[in-house]
Amino acid sequence: MREAEVRRLLAANLLCALAIVLATLGPAFVLDGFSVLGTHLAWLCVCSVCVATLNIILHLVLKPNQSPKRRSFGHKISRFLKCCVYFFMSCILFHAIIVLYGAPLIELVTETFLFAVLLSTFTTLQCLCLLGPNIQAWIRVFSKNGAMSIWESSLQITSVCSILGAWFGAFPIPLDWDRPWQVWPISCSLGATFGYMAGLIIAPLWIHWNRKQLTYKSR
């Protein structure tokens, strides 16, 4: 395993974490009254767009999983459209799962859907950027010992941390504390965001620490 590749991964992950910080602090200089708690829906939109945009740019620049085959322009367009469909389906699926776990079915639909978009940005979008619209590759990566590169290992860690963060973020909601961050879905989205950022930091450190035990083989 090359140290240079691990450093590239660390730099890319730090940029993604920085994008979240800028999405949280930056708009306050332009939009009056903007805050994570006060204008949470706006923050969800800004954060999702910033993270998605940076992930796509990093994928195009770093090309961590580039195929040796040359693809036609028509194939690239078809692949892009499939990715858009998969991302939208992921948002719908996350929305349904969140409702099944107790979110309001009819009320606060916008809040729930934007939270689902945020989760899809932290998880599905990364899969699409790295693996494309290939469900079999997704299943392989998230199976035991399925990662074939440090980028796929990082994908595993950040996705799991994001979902666990969202799950842990739901714990304070029913508590009788009457805090503004207990309003749906603030604590869950913050939990997912903190989980994602933790995964971004943990992934390269874990890979570096276990670099002698990690052996990636083509399959």
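Now for a quick tour of the structure. (Residues numbered from 1 in each chain as written. Predicted model: local features only at pLDDT ≥ 70, side-chain atom pairs only at ≥ 80, totals over all residues. Heavy atoms only, no water.)

Turning to the environment of Leu-128, a few remarks are in order. Examined against the element boundaries, Leu-128 turns out to sit in helix H5 (residues 124-131). Each C-alpha atom of the pair Leu-128 and Ile-56 lies 9.5 Å from the other, and the pair is 72 residues apart in sequence. Those residues in contact with Leu-128 that lie beyond four places of it in its chain are Cys-83, Tyr-86, Phe-87, Pro-133 and Trp-138. (Helix = DSSP H or I, 4+ residues; strand = E, 2+ residues; numbered from the N terminus. Contact = heavy atoms within 4.5 Å.)

Next up on the list: a nonpolar patch on the surface. A contiguous nonpolar surface patch, about 1100 Å² in accessible area, is contributed by Leu-93, Ile-97, Leu-100, Tyr-101, Phe-142, Val-160, Leu-164, Trp-167, Phe-168 and Phe-171. Contributions of two or more residues to the nonpolar patch are made by helix H3 (73-100) and helix H7 (150-169). With 4 residues, H7 is the largest single contributor of residues to the nonpolar patch. The class for Tyr-101 is exposed, based on a relative accessible area of 69%. (Patch = residues over 30% accessible without salt bridge, like charges linked within 9 Å, V, L, I, M, F, W, Y side chains within 5 Å. Areas by Shrake-Rupley, 256 points an atom, 1.4 Å probe, with all protein chains shown as cover. Salt bridge = Lys/Arg side-chain N within 4 Å of Asp/Glu carboxyl O. Buried < 20%, exposed > 50% of the residue type's maximum accessible area, 1.4 Å probe, protein only.)

In this structure, Phe-34 sits in the loop between helix H1 (3-25) and helix H2 (40-62). For Phe-34, a relative accessible area of 9% gives the class buried. Taking C-alpha positions, Phe-34 is 8.9 Å from Thr-24, a pair spaced 10 residues apart along the chain. Once residues within four sequence positions are removed from consideration, Phe-34 is found in contact with Ala-23, Thr-24, Pro-27, Ala-28, Thr-39, Ala-42 and Trp-43.

Glancing now at the nonpolar core. Residues Cys-47, Phe-115 and Phe-122 are the most contacted members of the largest nonpolar core, which totals 46 residues. Residue assignment for this core shows that the elements contributing at least two residues are H1, H2, H3, helix H4 (109-122), H5, helix H6 (135-141), H7 and helix H8 (186-209). Ranked by residue count, the leading element in this core is H1, at 8 residues. (Core = buried A, V, L, I, M, F, W, Y, C linked by side-chain atoms within 4.5 Å.)

Here the focus is the side chain of Ser-162. Counting through the fold element by element, Ser-162 comes out in helix H7. Look at Ser-162 and you get buried, because its relative accessible area is 0%. A polar side-chain atom of Ser-162 sits 2.7 Å from the main-chain carbonyl oxygen of Thr-158. If near-sequence neighbours (up to four positions away) are discounted, Ser-162 is found in contact with Leu-119, Phe-122, Thr-123, Ala-192, Gly-195 and Tyr-196. (Polar contact = N/O pair within 3.5 Å; in protein donor to acceptor, adjacent residues only side chain to side chain.)

Attention now goes to the packing of aromatic side chains. In total, this model carries 6 aromatic pairs according to the counting rule given. Note on Phe-122 and Tyr-196: the rings are 4.3 Å apart at their centroids and 10 degrees apart in plane angle, and the pair reads as stacked. Here Phe-122, found in helix H4, pairs with Tyr-196, found in helix H8; they are 74 residues apart in sequence, far enough to count as distant. Its relative accessible area of 0% is what places Tyr-196 among the buried residues. Between Trp-167 and Phe-171, the ring centres sit 5.1 Å apart and the planes meet at 70 degrees, which makes this aromatic pair edge-to-face. Of the residues examined, Trp-167 reaches a relative accessible area of 45% and is grouped as partly exposed. (Phe/Tyr/Trp six-rings, centres within 6.5 Å; stacked < 30°, edge-to-face > 60°.)

Summed over all chains, the structure comprises 2 salt bridges. Its salt-bridge partner being Arg-8, residue Glu-5 comes within 3.0 Å of it at the nearest N-O pair. One end of the pair is Glu-5 and the other is Arg-8, both in helix H1 and 3 residues apart, which spans about a single turn. Since its relative accessible area comes to 14%, Glu-5 is described here as buried. By relative accessible area, which is 31% here, Arg-8 ends up partly exposed.

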